[in-house]
Amino acid sequence: MKTRIETVIDPTTEILLLQEKMVGEVSDLLPMSHVEIVGSMAVPMAGRPELDILVISDDIAADSDILSKNGYKQGPIVKETSFLKKMVDNVEVAVQIMSADNKMVGIHRELINKLRNDEELRKRYEEFKRTLSGLSREEYKKQKSQWLEENIFSIEK
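What counts as what
Residues numbered from 1 in each chain as written. Predicted model: local features only at pLDDT ≥ 70, side-chain atom pairs only at ≥ 80, totals over all residues. Heavy atoms only, no water. Helix = DSSP H or I, 4+ residues; strand = E, 2+ residues; numbered from the N terminus. Rg over C-alpha atoms; globule rule 2.2 N^0.38 Å. Pairing = 2+ DSSP bridges. Axes fitted to C-alpha atoms, helices over the stretch in contact; angles between N-to-C directions. Contact = heavy atoms within 4.5 Å. Core = buried A, V, L, I, M, F, W, Y, C linked by side-chain atoms within 4.5 Å. Buried < 20%, exposed > 50% of the residue type's maximum accessible area, 1.4 Å probe, protein only. Salt bridge = Lys/Arg side-chain N within 4 Å of Asp/Glu carboxyl O. Phe/Tyr/Trp six-rings, centres within 6.5 Å; stacked < 30°, edge-to-face > 60°. Lys NZ or Arg CZ within 6 Å of the ring centre and 35° of its normal.

### Some remarks on the overall build of the chain
- Within the chain one finds 5 helices and 5 strands.
- The secondary structure elements of the chain, listed N-terminal to C-terminal, are α-β-β-α-β-β-β-α-α-α.
- For the chain, the C-alpha radius of gyration of 15 Å lies close to 15 Å, the compact-globule estimate for 157 residues.
- In terms of principal-axis extent, the alpha carbons of the chain reach across some 40 × 35 × 30 Å.

And the structure:
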């Protein structure tokens, strides 16, 4: 298996327009579910060339099936969360489908809110993420998670 090397990009008008388009597409495909953006481009801030879409669903399996029949590749289902993705113009569109009571819904929203409202914290996180460019996906995720735990989620403890 080929090791994927990560790059970090700044948000551009093109990627933010693509984000709007993809949220619209997922919303149209899943009209009974709530769709919102999460991740770096939701802030917006530097990050991988990826759009993260959160779907809050009453029927995770049915929504996953609809997306998989419309060009999204089904990934793992972990802790009652279904992961799907597709590539659009060299941007990974990653979809997470979960129920409203999943604790990750609140974590995603809280993280975005903190980064939107604390410019210093956002800038420090962006600077850190830029140092991860060139790493494997596994190492990128590991170091990013560690930074979040030490610098953002430790604030709440």
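### Here we look at the sheet that holds strand E2 (residues 50-56)
- Here 5 strands make up an open sheet; going across it, the order is E1-E2-E5-E4-E3 and the pairing mixed. Either end of the sheet is taken by a strand with one partner, and the two such strands are strand E1 (34-38) and strand E3 (73-78). This sheet shows a mean twist of 25° between the axes of neighbouring strands, independent of strand direction.
- Bridge count between strand E4 (residues 81-88) and strand E5 (residues 91-98): 7 bridges; the pairing is antiparallel. Residue pairing in the sheet places Met87 in a bridge with Glu92 of E5.
- The sheet contacts of helix H3 (residues 103-117) involve E1, E2 and E5, and relative to E1 the element is tilted by about 45°.

### Looking at the side chain of His108
- Checked against the element boundaries, His108 lands in helix H3.
- Not counting residues within four places of it along the chain, the set of residues in contact with His108 comprises Val38 and Gln96.

### Quick word on the nonpolar core
- The biggest cluster of nonpolar side chains holds 19 residues, and the ones touching the most others in it are Val26, Ile53 and Val95.
- Those elements that place two or more of their residues in this core are helix H1 (13-29), E2, E4 and E5.
- With residues near it in sequence (within four places) discarded, Val26 still touches Val35, Ile53, Val55, Leu67, Tyr72 and Val95.
- Grouped together as the second largest cluster of nonpolar side chains are 15 residues, Tyr125, Leu132, Tyr140 and Phe153 included.

### Quick word on the pattern of salt bridges
- Using the criterion set out here, one finds 14 salt bridges in the structure.
- Across the salt bridge formed by Arg137 and Glu6, the nearest N and O atoms sit 2.8 Å from each other. Highlighted residues: Arg137 in helix H5 (residues 137-151) and Glu6 in the segment before H1, separated in sequence by 131 residues. The pair Arg137 / Glu6 is uniform in exposure class, with both members buried.
- Between Arg122 and Glu119 there is a salt bridge, with the nearest N and O atoms lying 4.0 Å from each other. Here Arg122 pairs with Glu119, and both are found in helix H4 (residues 119-130), just 3 residues apart, close to one helical turn.

### Concerning the packing of aromatic side chains
- As enumerated under the stated definition, the model contains 2 aromatic pairs in all.
- When the ring of Phe128 is compared with that of Trp147, the centres are 5.7 Å apart and the planes differ by 20°; the resulting orientation is stacked. A residue pair is termed long-range when its members are at least 10 positions apart, and Phe128 in helix H4 and Trp147 in helix H5 qualify at 19 residues. This pair shows no difference in class: Phe128 is buried, exactly as Trp147 is.
- Looking at Lys86, its charged tip hangs above the ring of Tyr72, at a distance of 4.6 Å from the centre.

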